[in-house]
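Read off the chains here:
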Amino acid sequence: MSNVKQVPHAPDRNIGEGPFERLIIRGVTMIDGSGTPPDGSVDIVVEGNKIKEIVQAGLPESALANAKVIDAAGMYVMPGFVDTHAHIGGVNQGVPAEYVHKLWLAHGVTTVRDPGSFNGADWTIHEKERSEKNEIVAPRIYAYTCPRNWDKPLTPDNVPEFVQWAIEKGFDGFKIINRWNPDTIVALLEEAKKYNLGTMAHISQTTAARMDALQAARAGLGSLEHWYGLPEAMFADRTVQHFPAHYNYSNEYHRFSQSGRLWKQAAPPHSDKWNAVMDELIELDFTMNPTFAIYEASRDAARAQTADYHEEYTYPSLWNYYQPDPTKHGSFFTDWTTQDEIEWKENYRLWMAFINEYKNRGGRICTGSDSGFIYKTYGFDFIREFELLQEAGFHPLEVIRAATLKGAELLSKENNVPMEFGVIQPGYLADLVLVKENPLHNFKTLYGNGALRLNRDTGVTERVGGVSFTIKDGIIYDAKALLEDVKEMVHHAK
Ligand SMILES: [Zn+2]
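Just so you know, the residues in each chain are numbered from 1, in the order the chain's sequence is written. Two thresholds apply to this predicted model, a pLDDT of at least 70 for residue-level local features and 80 or more for giving and counting side-chain atom pairs, whereas whole-chain, interface and lining totals are computed over all residues. Water and hydrogen atoms were dropped before computing side-chain values, which therefore reflect all heavy atoms in the structure.

Quick look at the overall build of the protein
Consideration 1: Starting at the N terminus, helices and strands are each numbered in turn, a helix being any DSSP run of H or I of at least four residues and a strand any DSSP run of E of at least two. Of the regular secondary structure elements, the protein holds 17 helices and 18 strands.
Consideration 2: A globule of 494 residues ought to have a C-alpha radius of gyration of about 23 Å, and the protein, at 22 Å, matches this closely.
Consideration 3: With the C-alpha coordinates of the protein rotated into their principal frame, the extents come out at 75 × 55 × 50 Å.
Consideration 4: Classification of residues uses two cut-offs on accessible area relative to the type maximum, computed with a 1.4 Å probe and protein chains only: under 20% is buried, over 50% is exposed, and between them is partly exposed. Every one of the 494 residues in the protein was classed for burial, and the buried ones make up 62%.
Consideration 5: Long-range pairs, those at least 24 residues apart, make up 77% of the contacts in the protein with a sequence separation of at least 6.
Consideration 6: Approximately 18,900 Å² of the protein is accessible, and the part contributed by carbon and sulfur atoms is 48%.
Consideration 7: Of the charged side chains in the protein, 49 are positive and 66 negative; the average position of the first set lies 2 Å away from that of the second. Here the globule rule is a power law, 2.2 Å times the number of residues to the power 0.38, and the radius of gyration is based on C-alpha atoms. In this description, contact between two residues means that some pair of their heavy atoms is separated by no more than 4.5 Å. Accessible surface is estimated by sampling points in the Shrake-Rupley manner with a 1.4 Å probe; for residues, cover comes only from the protein chains shown. In this count, Lys and Arg are taken as positive residues and Asp and Glu as negative ones, while His and the chain termini are left out. A single reference atom marks each charge: NZ on Lys, CZ on Arg, CG on Asp, CD on Glu.

This is the structure we're talking about:
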């Protein structure tokens, strides 16, 4: 339906410098996103919105004339991050777009993929187009639509019409979610591919019994969001999940507590079935977007509920949305138990084992946050995804590669266009993140409010880190200033 209530669009750009004819990031240590180790110091020359050259030994002083120079001695630079599952708020969360965009950029996110464009087709495309022109402060937006933005129910027969509508609107792809008929899924995947449009799916329990992740991948699905449909593809001694008799999918507590008991019903790690499914998915060049962070409250509700950034950075209406309420998605903590958390810890252990091995065998893993639900706030919980990938077994360089190169690779593959960001290399777009602390040492330093560290000289525990500058399309954003704006918005709304 297109009668979506509107949330405020982002206002005209009110912060950020550039792009510059010539910008030099001087004396920086580079983590280029490809998995290669830190290297420096280097000077990175940016002209307009493109990386022009990377100079190893450093440019002579004379080359700095007439250039904007960032003295980055002692700093690290990474490619801008790609959040491949990033909702631009919504009516339910009640957050203005400016709040969401600024939190993303403040955490180094220069590209997002909006799954579903739940704020409506025209609303989302408006943000996308204004971001492309840098008229607003926002990451690049890849907008994926879903049938709820259209004015009729989707059937296999009208899929071509839906796809043409999406092309005319300017969408980059499609999100499959909730109850879908497999014929409609197959028709949409085929039609989307014809026009180089992307596809992503949350294969919910109302769909998985008829189409699991492997069947969807075979039909041409681009990426699996979250994980639903994957254990189901690896059932060896059953064909449907072991639902208790009283289960009702529309009951959010049933849904989340029972999905915490799902991974252990699948074939065990490294068994024949587990291996066969993994190998075929990798053969299909299928992408996994685990979104570990969004489920974290299931294994440790208190941690998510009391995160140290909520007070200053979580918008009051978003906070209200997080509170237990059976009518709201993901607000399922109506009677969350010790046993539920124990089940979820085991669920994570099996899920993480799959994701880490998938990466080891050459499969593509991306970083998606799905923030705006379940006590997970934009930007902050994108960084939490880094920590959880590391927990799954990723080397920090593999985590950064997932958040940069792999995300960019997915987006370029889905739209069948050459990659133009995701790695720091000449000719690519100048999307960069500059930080003072070594991210490989501690991802916690990437949180907007930094990480705690004892200063041994003064005996005082201080907050260190946070992104210093996020550069998008050659425009320099002071990440601390973005966070000040966010804090002010939150304070004002309270
Ligand atoms: Zn989502």
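Comments concerning helix H17 (residues 479–493)
Consideration 1: The terminal C-alpha atoms of H17 lie 21 Å apart, and with 15 residues this matches the ideal 21 Å at 1.5 Å per residue to within 8%.
Consideration 2: By the burial criterion, the buried members of H17 are Ala479, Leu482, Leu483, Val486, Met489 and Val490. For H17, the angular spread of the buried residues around the axis is 115 degrees, confining them to a single face. Within H17, the exposed residues directed more than 90 degrees away from the buried face are His491 and His492.
Consideration 3: Considering only its buried residues, H17 is in contact with helix H1 (97–106), helix H12 (310–313), helix H13 (316–322), strand E17 (467–472) and strand E18 (475–478).
Consideration 4: A distance of 3.0 Å separates the backbone nitrogen of lysine 480 from a side-chain oxygen at the start of H17, and that oxygen is part of aspartate 478. Multiplying 1.5 Å by the residue count of a helix minus one yields the expected span of that helix. By construction, the arc corresponds to the directions joining the helix axis to the C-beta atoms. Polar contacts here mean pairs of N or O atoms no more than 3.5 Å apart (in protein, one a potential hydrogen donor and the other a potential acceptor; neighbouring residues in sequence count only if both atoms are side-chain atoms).

Observations regarding the environment of glutamate 283
Consideration 1: Within the secondary structure, glutamate 283 sits in helix H9 (residues 272–283).
Consideration 2: Taking the C-alpha atoms as reference, glutamate 283 lies 9.3 Å from glycine 362; in sequence the two are 79 residues apart.

A short note on the packing of H1 against H17
Consideration 1: For the pair H1 and H17, interaxial distance at closest approach is 9 Å and the crossing angle is 150 degrees. Our classification of the angle between H1 and H17 gives roughly antiparallel. As for how H1 packs across H17, the hand of that crossing is left-handed. Contact residues: Glu98, Tyr99, Lys102, Leu103, Leu105 and Ala106 in H1; Ala479, Leu482, Leu483, Asp485, Val486, Met489 and Val490 in H17.
Consideration 2: For the contact of H1 with H17, the residue count by class is 10 nonpolar, no polar and three charged. Convention adopted: a line fitted to C-alpha atoms gives each axis, helices being fitted over their contacting stretch, and angles between N-to-C directions are expressed from 0 to 180 degrees. When describing relative orientation, an angle under 35 degrees is termed roughly parallel and one over 145 degrees roughly antiparallel, while 65 to 115 degrees is termed roughly perpendicular and anything else oblique. Here is the rule for handedness: rotate from the far helix to the near one, and if that takes an anticlockwise turn smaller than a right angle the crossing is left-handed, while a clockwise turn gives right-handed. Each residue receives one of three labels: charged for Asp, Glu, Lys and Arg, nonpolar for Ala, Val, Leu, Ile, Met, Phe, Trp, Tyr, Cys and Pro, and polar for the others, Gly being one of them.

Topic: the pattern of salt bridges
Consideration 1: Take a side-chain nitrogen of Lys or Arg and a carboxyl oxygen of Asp or Glu: if they are within 4 Å of each other, that pair is a salt bridge. Following the criterion strictly, the structure yields 44 salt bridges and no others.
Consideration 2: Residue arginine 130 is joined to glutamate 135 by a salt bridge in which the shortest nitrogen-to-oxygen separation is 3.2 Å.
Consideration 3: On the basis of relative accessible area, arginine 130 is assigned to the buried category, the value being 15%.
Consideration 4: With a closest N to O distance of 2.6 Å, lysine 264 and glutamate 343 form a salt bridge.

A short note on the sheet that holds strand E13 (residues 364–365)
Consideration 1: Strands are labelled as partners when DSSP assigns at least two bridges between them. Strand order in the open sheet formed by eight strands is E6-E7-E8-E9-E10-E11-E12-E13, with parallel pairing between adjacent strands. Both outer strands of the open sheet, strand E6 (81–83) and E13, are each paired with one neighbouring strand and no more.
Consideration 2: Along the sheet, helix H2 (residues 121–132) makes contact with strand E7 (109–116) and strand E8 (140–145), crossing E8 at roughly 155 degrees.

A closer look at the pairing of strand E3 (residues 50–55)
Residues in a regular strand project their side chains so that they alternate between the two faces of the sheet.
Consideration 1: In this sheet, E3 lies alongside strand E2 (residues 39–48) in antiparallel orientation, the contact comprising five bridges. Bridging from a neighbouring strand, valine 46 pairs with isoleucine 51 of E3.
Consideration 2: The turn joining E2 and E3, which pair antiparallel and follow one another in sequence, is formed by one residue.

Side note on the UniProt feature "domain: Amidohydrolase-related" (unreviewed entry) in the protein
Consideration 1: UniProt positions are given in the numbering used here, feature names are shortened, and annotations may be inferred rather than shown by experiment. According to UniProt, the feature "domain: Amidohydrolase-related" (unreviewed entry) maps to residues 76–238 and 356–446 in the numbering used here.
Consideration 2: Helix makes up 37% of residues 76–238 and strand 20%. Its end C-alpha atoms lie 50 Å apart.
Consideration 3: Taken end to end, residues 356–446 is 42% helix and 7% strand, and its two terminal C-alpha atoms sit 22 Å from one another.

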